[in-house]
Amino acid sequence: MQTIQNYINGTFEDPLSGDWLDNYCPANGEVYGKIPNSDQADVDKAYEAAKTAFPEWSETTLDHRSRLLLKIADLIETNLQRFAEAESQDNGKPVNLAKSIDIPRAASNFRFFAHAITQFSSESHESVGLNAINFTLRQPIGVVGCISPWNLPLYLFTWKIAPALAAGNCVIAKPSEITPLTAFLLSELCTEAGLPKGVLNIVHGLGKTTGQAIIEHPGIKAISFTGGTTTGAHIARTAAPLFKKLSLELGGKNPNIIFADCDYDAMLETTLRSSFSNQGQICLCGSRIFVETSIYEKFKADFVSKVKVLKVGHPSESGTNIGALVSQSHLEKVMTYIEEAPQEGGKILCGGHAVSVKGFENGYYLEPTVIEVATDTCKINQEEVFGPVVTIMPFETEDQVLDMANKVKYGLSATLWTNDLKRTMRLSKKLEAGIIWVNTWMLRDLRTPFGGMKSSGVGREGGFEALRFFTEAKNICIKY
Ligand code: NDP
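Residue numbers here run from 1 along each chain, matching the order of that chain's written sequence. Residues qualify for local features only when their pLDDT is at least 70, as the model is predicted, and side-chain atom pairs are given and counted only at 80 or more; totals for whole chains, interfaces and linings, by contrast, use all residues. Side-chain metrics rest on all non-hydrogen atoms present in the structure, leaving aside hydrogens and water.

With that out of the way, let us pick up the pattern of salt bridges. A side-chain nitrogen of Lys or Arg and a carboxyl oxygen of Asp or Glu constitute a salt bridge if their distance falls within 4 Å. As enumerated under the stated definition, the model contains 20 salt bridges in all. The salt bridge partner of Asp74 is Arg111, with a shortest N-O separation of 2.7 Å. Taken together, the residues span a long stretch of sequence, with Asp74 in helix H2 (residues 62–78) and Arg111 in helix H4 (residues 95–119) at a distance of 37 residues. Between Arg111 and Glu77 there is a salt bridge, and its shortest N-O distance comes to 2.9 Å. Taken together, the residues span a long stretch of sequence, with Arg111 in helix H4 and Glu77 in helix H2 at a distance of 34 residues. Looking at Arg111, the relative accessible area reads 23%, which means it is partly exposed. A run of H or I in DSSP counts as a helix once it spans at least four residues, and a run of E counts as a strand once it spans at least two, with each numbered from the N terminus. Only protein chains enter the accessibility calculation, which uses a 1.4 Å probe. A residue is then buried if its area is under 20% of the maximum for its type, exposed if over 50%, and partly exposed in between.

Rendered as structure tokens:
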């Protein structure tokens, strides 16, 4: 039995209340560990530790902070296999995926912000004729909160805490209670790397108690949150009267728009990935596929035949393409969308059933599913399913597909397949999404801004945007 503990003031601690939660393995449905069911008292304790650590940490040199973060990055890489197995055990994703994407990216997050902080600059302006010079100080905010979801556990957790620490803040972080294991393992590495006590505090527990205590805490001045849109709206309502700085990275219902002039083979391979990577549980997945009429029937046949041979299996088996969904309740939610789709004219072209994997019959497995929809406004085309389910439908004109692509409440990302540069520019400007991929998907350069429009969020992370978020800009005007 794996026991996960809170990491407060550099030490591992049981929850003050003595309450624990079960931690399930999605691949076999069994409880394999327990995690603290922390409450406000634990968050208060973490806050005191962070507040005490802040004056010294915020005054450390950039070189010192940078070296520490690089050390953490190195340690993550040294522990790649262990972390990948833990992530897979906790989340249900294939070990190979965790090994090639999630864990390396967690190391890159630390490495990137270790370097970025040394290049982060601020403005200065001479007020000509007034004998004054203005310059901007970028100061750490103080104690900040980082709350992350279960789909890319360590990847998104570190995407928040690395820039927060680099900028000189002290952090109280909460991973999703469904996937706490790699955040717990990370705390061991932080101690090993020599991170001073109290600089990073990890408090485990439920969103409605632990998370709520973080967002309500008057001393926590900024919240970086990634998760669902409903939770994001709740956080915004709670934080507004407390005047907290907020970064909200929320859900997506992203269009994948395919024109007949695209590089077909590359499109097909990438569309398979953008549809079903991580069991479709990525906010950036292209879950609404629109295909130009002239190639629609060919695409439909080719795509479905490729989807049918994807292997649903135990996450640690080599050759598994689709692992387990994260929880029983999530599997049930995704199934409900599939079952309801035919009521609005949806036709299931392949998949649509829960799968029993031999030897792991209680795991949460689902066939990758393709649904041909009759209209872009049906429920499954409008709401975030967050599973291995995509819809497809044809389009005739650029205007028509643009209208359908934008006609959702979300605006996180969009993918465009075309070799027409003018069309690329026309559509890229008009698509309502924070990230547009053209002839690719999920190609990330960590220097670029990342975030959504509309119900997909507020603010941008990535590169200097993250460092701007985690600092206060103070202008100093000197008359000479
Ligand atoms: P949730 O919004 O349910 O949870 C996200 C985190 O917030 C979890 O740690 C959760 O804890 C916590 N939380 C829940 N309620 C509160 C609260 N009242 N106060 C503070 N914290 C709270 O999202 P999921 O974990 O289900 O993640 C899936 C969602 O995340 C999808 O909608 C997906 O699109 C989105 N997402 C967005 C990304 C982006 O960059 N835009 C990237 C990845 C995912 P607990 O687990 O205990 O409920």
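Once you've had a look at it, read on.
The next point concerns the packing of H2 against helix H6 (residues 181–193). Taken N-terminus to C-terminus, the directions of H2 and H6 make an angle of 130 degrees; their axes are 9 Å apart at the nearest point. Judged by the inter-axis angle, H2 sits oblique to H6. Classified by chirality, the crossing of H6 by H2 is right-handed. For the pair formed by H2 and H6, the contact residues are Leu68, Lys71, Ile72, Leu75 and Ile76 on the first element and Leu186, Leu189, Cys190, Glu192 and Ala193 on the second. Simply put, an axis is a line fit to the C-alpha atoms, just over the touching stretch for a helix, and the angle between two N-to-C directions goes from 0 to 180 degrees. An angle counts as roughly parallel when it lies under 35 degrees, as roughly antiparallel when it exceeds 145, as roughly perpendicular when it falls between 65 and 115, and as oblique in every other case. Rotating anticlockwise by less than a right angle from the far helix to the near helix defines a left-handed crossing, while the corresponding clockwise rotation defines a right-handed one. Contact definition: two residues touch when any of their heavy atoms are within 4.5 Å.

Right, let's talk about the environment of Pro315 for a bit. Following the sequence through the fold, Pro315 ends up in the loop between helix H10 (293–308) and helix H11 (328–340). By relative accessible area, Pro315 is classed as buried at 3%. Linking Pro315 and Gln89, residues 226 residues apart in sequence, is a C-alpha distance of 8.0 Å. If sequence neighbours within four positions are ignored, Pro315 has contacts with Ala27, Ser88, Gly92, Lys93, Pro94, Val95, Ala324 and Tyr365.

A few words now on the pairing of strand S4 (residues 20–25). Two faces belong to every sheet, and in a regular strand the side chains alternate between them. Here S4 shows a buried face lined by Leu21, Asn23 and Cys25 and an unburied face lined by Trp20, Asp22 and Tyr24. At least two bridges found by DSSP between two strands are what make those strands a pair. Joining the antiparallel neighbours S4 and strand S5 (residues 30–36) is a turn of four residues, in which Gly29 adopts a positive phi near 70 degrees.

Note on soluble globular proteins: their nonpolar side chains tend to be buried together. By nonpolar core is meant a set of buried Ala, Val, Leu, Ile, Met, Phe, Trp, Tyr and Cys residues that side-chain atoms within 4.5 Å join together. Residues Leu284, Phe299, Phe303 and Val370 are the most contacted members of the largest nonpolar core, which totals 127 residues. Element by element, the count of residues in this core is highest for H4, at 11 residues. Once residues within four sequence positions are removed from consideration, Val370 is found in contact with Phe276, Phe303, Val304, Val307, Lys347, Ile348, Leu349, Cys350, Val390 and Ile392. Core analysis: the second largest hydrophobic core is formed by 29 residues, Tyr364, Cys378, Val389 and Phe395 among them.

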